[in-house]
Amino acid sequence: MTIDIILIIIASLISTLVAEGLSWLLVYRTESYQRLKATVDKLQGKVDKKEQEEEELKKKKKKPEGNANSNVSNRKKSSQSQNQDEEDTTKDKKDKKDKKLTRIEDQLKEANRDLSMSKMKSTFVVGFAMISLVGFLNSYFDGIVVARLPFEPIGFLQGLSHRNLPGNDYLDCSMIFIYVLCSIGIRGNLQKLLGIQQPQVPSFFGQPTK
């Protein structure tokens with residue numbers, strides 16, 4: 001089993017290196033991708049700055065109440081009109097900031113969509129290569145138990161961890177389960193190491209998370 005696991009880890013490492021190499025060749029090194037990435041980073045910085053300004057403005061509005069109620073009562077009538085003017089001015093500024101922030105967020109969403117679309121070409125190439133490799137590994141390790149799990153996986157994971165294995169002992173682990181776990185861990189760390197990690201976008205139309 002140990003040799004099988006080592007072979008799976010090596011295959012996962014090589015496949016990840018090939019996939020990221022193709023992605024760099026077809027996408028990451030291109031001027032269009034670098035320009036889109038710079039645009040996304042710039043817009044995200046503007047959004048963060050605007051949100052920080054709004055938080056600071058909210059904190060300034062929260063002033064502690066004084067203990068001298070009589071003084072507050074005496075000043076209330078004299079400052080009523082002035083406070084109303086200040087509230088109107090603040091409201092107008094807030095509306096302008098909200099519109100500007102909304103406009104920047106729309107631009108950020110559009111830039112994220114363009115950034116995702118720029119990766120489509122490499123996605124198809126890498127996907128085809130990975131499917132071919134996984135098909136070969138599946139045929140090579142068909143019916144072979146490569147590891148014993150310390151616990152029984154929950155229902156929806158059993159189809160992956162026990163794939164193509166005989167019997168009903170769900171502690172037996174298949175090749176594909178180890179391969180997927182290794183690929184997820186290796187790819188994320190490799191992208192950080194090479195500095196080619198794409199800005200975090202939870203969905204095709206969503207905003208980057210913080």
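Predicted model only: the values in this text are computed from it and were never measured.

1. Structural notes on the overall build of the protein
Phase 1: The number of helices and strands found in the protein is seven helices and two strands.
Phase 2: For the protein, the succession of helices and strands along the chain, N to C, is α-α-α-α-α-β-α-β-α.
Phase 3: Every one of the 210 residues in the protein was classed for burial, and the buried ones make up 28%.
Phase 4: Across the protein, contacts joining residues at least 24 apart in sequence account for 74% of those joining residues at least 6 apart.
Phase 5: As displayed, the protein has an accessible area near 14600 Å², and 57% of this comes from carbon and sulfur atoms.

2. Description of unusual backbone geometry
Excluding glycine, a negative phi dihedral is what most residues carry, and trans is how most peptide bonds are arranged.
Phase 1: With a phi close to 60°, Asn164 is a non-glycine residue in the positive phi region.
Phase 2: Along the chain, Asn164 falls in the loop between α6 (155-161) and β2 (172-173).

3. Thoughts on the pattern of salt bridges
Phase 1: Following the criterion strictly, the structure yields four salt bridges and no others.
Phase 2: In this structure, Asp41 engages Lys37 in a salt bridge whose closest nitrogen and oxygen atoms are separated by 3.5 Å. In this pair, Asp41 and Lys37 both sit in helix α2 (residues 31-61), four residues apart, roughly one turn of the helix.
Phase 3: We classify Asp41 as partly exposed; its relative accessible area is 41%.
Phase 4: Lys37 sits in the partly exposed class, given a relative accessible area of 21%.
Phase 5: One salt bridge in this structure joins Arg148 and Asp172, with 2.6 Å as the shortest N-O distance. Residue Arg148 is located in strand β1 (residues 147-148), and its partner Asp172 is located in strand β2; the two are separated by 24 residues in the primary sequence.
Phase 6: In this structure Asp172 comes out as buried when scored by relative accessible area, which is 12%.
Phase 7: The network of salt bridges with common partners includes Arg148, Asp169 and Asp172.

4. With respect to the side chain of His162
Phase 1: Looking at the element boundaries, His162 is found in the loop between α6 and β2.
Phase 2: Leave out the neighbours within four places in its chain, and His162 touches Gly167, Asn168, Asp169, Tyr170, Asp172 and Ser174.

5. Structural notes on the confidence of the model for the protein
Phase 1: In the predicted model, the protein carries a mean pLDDT of 76, and the fraction of residues at 70 or more is 75%.
Phase 2: When pLDDT is averaged over each element of the protein, β2 comes out on top at 91 and helix α3 (residues 69-78) at the bottom at 48.
Phase 3: Of the regions scoring below 50 in pLDDT, residues 65-72 engages in zero contacts with residues more than four places distant in sequence or in other chains.
Phase 4: Contacts of residues 201-210 to residues separated by more than four positions or lying in other chains number 25 contacts, the stretch itself having pLDDT below 50.

6. Some words on the side chain of Ser12
Phase 1: Looking at the secondary structure, you find Ser12 in helix α1 (residues 2-28).
Phase 2: Accessibility expressed as a relative area gives 0% for Ser12, which makes it buried.
Phase 3: Among all residues touching Ser12, those that are not within four sequence positions of it are Tyr179, Cys182, Ser183 and Ile186.

7. Description of the packing of helix α5 (residues 120-140) against helix α7 (residues 175-194)
Phase 1: Here α5 crosses α7 at 145°, and the two axes come no closer than 10 Å. Judged by the sense of rotation from one axis to the other, the crossing of α5 with α7 is right-handed. Listed contacts from α7 to Met130, Leu133, Val134, Leu137 and Asn138 of α5 are Met175, Ile176 and Tyr179.
Phase 2: Considering only residue class, the contact of α5 with α7 consists of seven nonpolar, one polar and no charged.

8. Here we look at the state of the cysteines
Phase 1: Taken as a whole and judged by the stated rule, the model has zero disulfides.
Phase 2: This cysteine, Cys173, is not joined by any disulfide, and Cys182 carries the nearest cysteine sulfur, 9.8 Å off.

Procedures and definitions
- Residues numbered from 1 in each chain as written.
- Predicted model: local features only at pLDDT ≥ 70, side-chain atom pairs only at ≥ 80, totals over all residues.
- Heavy atoms only, no water.
- Helix = DSSP H or I, 4+ residues; strand = E, 2+ residues; numbered from the N terminus.
- Buried < 20%, exposed > 50% of the residue type's maximum accessible area, 1.4 Å probe, protein only.
- Contact = heavy atoms within 4.5 Å.
- Areas by Shrake-Rupley, 256 points an atom, 1.4 Å probe, with all protein chains shown as cover.
- Salt bridge = Lys/Arg side-chain N within 4 Å of Asp/Glu carboxyl O.
- pLDDT = per-residue confidence, 0-100.
- Axes fitted to C-alpha atoms, helices over the stretch in contact; angles between N-to-C directions.
- Left-handed = near helix turned anticlockwise from the far one by under 90°.
- Nonpolar A, V, L, I, M, F, W, Y, C, P; charged D, E, K, R; others polar.
- Disulfide = S-S within 2.5 Å.

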